[in-house]
Amino acid sequence: QLAEWRRQIAVSVTRFEKQLGETAWLAGSAFSLADVAVYAMAHMMPDRYADLVNAKDTPAFMDWLTRMSGRAGVKAALAMPNPVMDTIQAAFKN
């Protein structure tokens with residue numbers, strides 16, 4: 001199951017890289033809900049899947065992550081308290 005899950009992640013990353021190599025944002029030339037939805041699950045990918053998401057193999061995706069992270073709304077959202085993430089991170093430390 002883990003191998004299949006990882007394969008699916010790799011397929012998605014490849015699709016994101018292809019799209020972002022052609023357009024500035026996931027749904028075309030304008031920032032959209034597609035970017036918000038994907039960023040919610042993708043912003044941690046360079047840390048969790050560094051072999052799949054990195055500057056060498058996915059430069060367009062990495063650029064998009066940087067642009068998304070720089071958006072005021074993203075900064076504000078990530079600065080909000082997140083007790084669920086705090087609990088998850090604490091569990092991995094033990």
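Anything mentioned here points back to the structure above.
Since the structure is predicted, the reported quantities are computational estimates derived from the model, not experimental observations.

Draft legend 1. Up close: the pattern of salt bridges. The final tally for this structure, using the stated rule, is 5 salt bridges. Between Glu4 and Arg7 there is a salt bridge, with the nearest N and O atoms lying 2.7 Å from each other. Taken together, the residues Glu4 and Arg7, both in helix H1 (residues 2-22) and 3 residues apart, mark about one turn of the helix. Residue classification places Glu4 among the partly exposed residues on the basis of a relative accessible area of 36%. Here Arg6 and Asp51 are joined by a salt bridge, their closest N and O atoms 2.1 Å apart. Here the residue Arg6 occupies a position in helix H1, and Asp51 occupies one in the loop between helix H3 (45-48) and helix H4 (59-69), the gap between them amounting to 45 residues.

Draft legend 2. Seen up close, the packing of helix H2 (residues 33-42) against H4. Where H2 meets H4, the closest approach of the two axes is 11 Å, and the angle between their N-to-C directions is 100 degrees. The orientation of H2 with respect to H4, classified from their angle, is roughly perpendicular. Residue-level contacts link Asp35, Val36, Val38, Tyr39 and Ala42 of H2 to Phe61, Trp64, Leu65, Met68 and Ser69 of H4. Of the residues that constitute the contact of H2 with H4, the class distribution is 8 nonpolar, 1 polar and 1 charged.

What counts and what doesn't
Residues numbered from 1 in each chain as written. Predicted model: local features only at pLDDT ≥ 70, side-chain atom pairs only at ≥ 80, totals over all residues. Heavy atoms only, no water. Salt bridge = Lys/Arg side-chain N within 4 Å of Asp/Glu carboxyl O. Helix = DSSP H or I, 4+ residues; strand = E, 2+ residues; numbered from the N terminus. Buried < 20%, exposed > 50% of the residue type's maximum accessible area, 1.4 Å probe, protein only. Axes fitted to C-alpha atoms, helices over the stretch in contact; angles between N-to-C directions. Parallel < 35°, antiparallel > 145°, perpendicular 65-115°, else oblique. Contact = heavy atoms within 4.5 Å. Nonpolar A, V, L, I, M, F, W, Y, C, P; charged D, E, K, R; others polar.

In short, geometric facts, not functional conclusions.
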